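# Observations on chain architecture
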Amino acid sequence: MTAKGQGRTAFAYLAPALLILGGLLAYPIYQLVLISLYDYGQEQVSGGAPLEFLGLGNYRNLLGNQQFWGVLGQTVAFAAVCVVGTLLVGAFLAILATRVRTWVRMTLFLAALGAWSTPAVAGSTIWLFLFDANFGFVNEVLGTQGFSWTFDKWTAFGLVAAQVIWCSFPFVMVTLFAGIKAIPGEVLEAAALDGASAFRTAWSVTLPLLKPIILVVTIQSIIWDFKVFTQIYVMTNGGGIAGRNLVLNVYAYQQAFAASEYGLGAAIGVVMTVLLLGITMFYLRALRRSGEVL
């Protein structure tokens, strides 16, 4: 069979899945874009006023709003901290898991999967209890009773970032551990016979072989952390005092549901989608330019 025929066969097998994905993803995105083009508020939802086509009016209002740019900057910085922290913690524990005994590794995996499987609302509530100003275990250990971790803007962001890393690192750890174990032992033995140190082997042999896996976990982490909602909303009581801890997802929720500006909230959703697609495509293009096969 020719390469062209193989391509057609592969597409035929993928067609049902593509149709399902198209229905589950393409149509909601189409509706999101459509709503963002209208003045769509509570009056329009209830039928008390006709729809008014604004075109790019919601986007102009959004891009001309200083609060939006401030929230966007906070979202990017917050997501960057969470992504880097998740990758570092996950990679460290993945390497550790390859060097410890079986029962220690199983205990580590069970504890990590417990953190991963904890619902976001439950995990956020537990963290709030641990860091409670008056009765929290952390303040009792540190001797800082009465200190509120969620009052100050930066400590609140730090606390939420720590919680996000705590519930996200197991995915990175398990994925990288599987990638490390899949590396042929002969390759590592050859590097050792050539006199390569442990650091040199990790940098020149292990890391290049793990690049495709690191790509996957990095993109997944960027997408997850950029659109964090539950942890921020629960732990900062809806975005902090005077909105000091807002991120784009919470900001969109406030505009769409608290302020009943559904068109503006949809515009924020469209901007977030475009940004995430842009980041992903930029990363894939940079990796392809480096010669990595995707």
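Residues numbered from 1 in each chain as written. Predicted model: local features only at pLDDT ≥ 70, side-chain atom pairs only at ≥ 80, totals over all residues. Heavy atoms only, no water.

This part is about the layout of surface pockets. Counted as a void, the largest pocket has a volume near 880 Å³. Residue lining of the largest pocket: 24 residues in total, with Ile-95, Ile-180, Ala-202, Thr-206 and Leu-210 positioned closest to the centre. Looking at the lining of the largest pocket, the elements that each hand over two or more residues are helix 4 (66–97), helix 8 (153–182), helix 9 (185–193) and helix 10 (198–209). Residues of the lining of the largest pocket, tallied by class, amount to 18 nonpolar, four polar and two charged. (1 Å grid on protein atoms, 1.4 Å probe; cavity = no way out; pocket = protein on both sides within 12 Å on 5 of 7 lines; lining within 4 Å. Points joined across faces, edges and corners; volume = space filled by probe spheres on them. Helix = DSSP H or I, 4+ residues; strand = E, 2+ residues; numbered from the N terminus. Nonpolar A, V, L, I, M, F, W, Y, C, P; charged D, E, K, R; others polar.)

Time to look at the side chain of Ser-124. Looking at where Ser-124 falls in the secondary structure, it is placed in helix 6 (residues 120–130). Judged by relative accessible area, Ser-124 falls into the buried class, the value being 0%. Setting aside residues no more than four positions away along its own chain, Ser-124 makes contact with Gln-163, Thr-230, Gln-231, Val-234 and Met-235. (Buried < 20%, exposed > 50% of the residue type's maximum accessible area, 1.4 Å probe, protein only. Contact = heavy atoms within 4.5 Å.)

Once that is clear, we can look at the packing of aromatic side chains. Throughout the structure, instances matching the rule amount to 18 aromatic pairs. An angle of 35 degrees between the planes, with centres 6.2 Å apart, marks the rings of Tyr-27 and Tyr-30 as tilted. Of this pair, Tyr-27 and Tyr-30 both sit in helix 1 (residues 3–36), three residues apart, which is roughly one turn of that helix. Taking 5.2 Å as the distance between ring centres and 80 degrees as the angle between the ring planes, the aromatic pair formed by Phe-131 and Trp-149 counts as edge-to-face. Of the two residues, Phe-131 is situated in the loop between helix 6 and helix 7 (137–142) and Trp-149 in the loop between helix 7 and helix 8; the sequence distance between them amounts to 18 residues. Here the aromatic residues Tyr-40, Phe-229, Tyr-233, Tyr-253, Phe-257 and Tyr-262 are joined through ring pairs into a cluster of three or more. Directly above the aromatic system of Phe-151 lies the positively charged group of Arg-244, at a separation of 5.4 Å from the ring centroid. (Phe/Tyr/Trp six-rings, centres within 6.5 Å; stacked < 30°, edge-to-face > 60°. Lys NZ or Arg CZ within 6 Å of the ring centre and 35° of its normal.)

Right, let's talk about the UniProt feature "transmembrane region" (unreviewed entry) in the protein chain for a bit. Within the UniProt annotation, "transmembrane region" (unreviewed entry) is assigned to residues 12–30, 68–96, 108–130, 156–180, 201–223 and 262–284. In the segment residues 68–96, helix accounts for 100% and strand for 0%; the C-alpha atoms at its two ends are 42 Å apart. Helix makes up 91% of residues 108–130 and strand 0%, and the two end C-alpha atoms of the span are 21 Å apart. (UniProt positions renumbered as here; feature names shortened; annotations may be inferred.)

Looking now at the packing of helix 8 against helix 11 (residues 211–226). Direction vectors running N to C along helix 8 and helix 11 enclose 165 degrees, while the axes themselves pass 10 Å from each other. Between helix 8 and helix 11, the interaxial angle falls into the category roughly antiparallel. The interaxial crossing formed by helix 8 with helix 11 has right-handed handedness. Counting all contacts with helix 8, which are made through Val-164, Ser-168, Phe-171, Val-172, Thr-175, Leu-176 and Gly-179, the residues of helix 11 involved are Ile-213, Ile-214, Val-217, Gln-220, Ser-221, Trp-224 and Asp-225. Here the residues of the contact of helix 8 with helix 11 sort into eight nonpolar, five polar and one charged. (Axes fitted to C-alpha atoms, helices over the stretch in contact; angles between N-to-C directions. Parallel < 35°, antiparallel > 145°, perpendicular 65-115°, else oblique. Left-handed = near helix turned anticlockwise from the far one by under 90°.)

Moving on: the environment of Ile-279. Inspection of the secondary structure puts Ile-279 in helix 14 (residues 262–289). Residue Ile-279 is classed as partly exposed on the basis of its relative accessible area, which comes to 33%. In sequence terms Ile-279 and Glu-52 are 227 residues apart; their C-alpha atoms lie 33 Å from each other.

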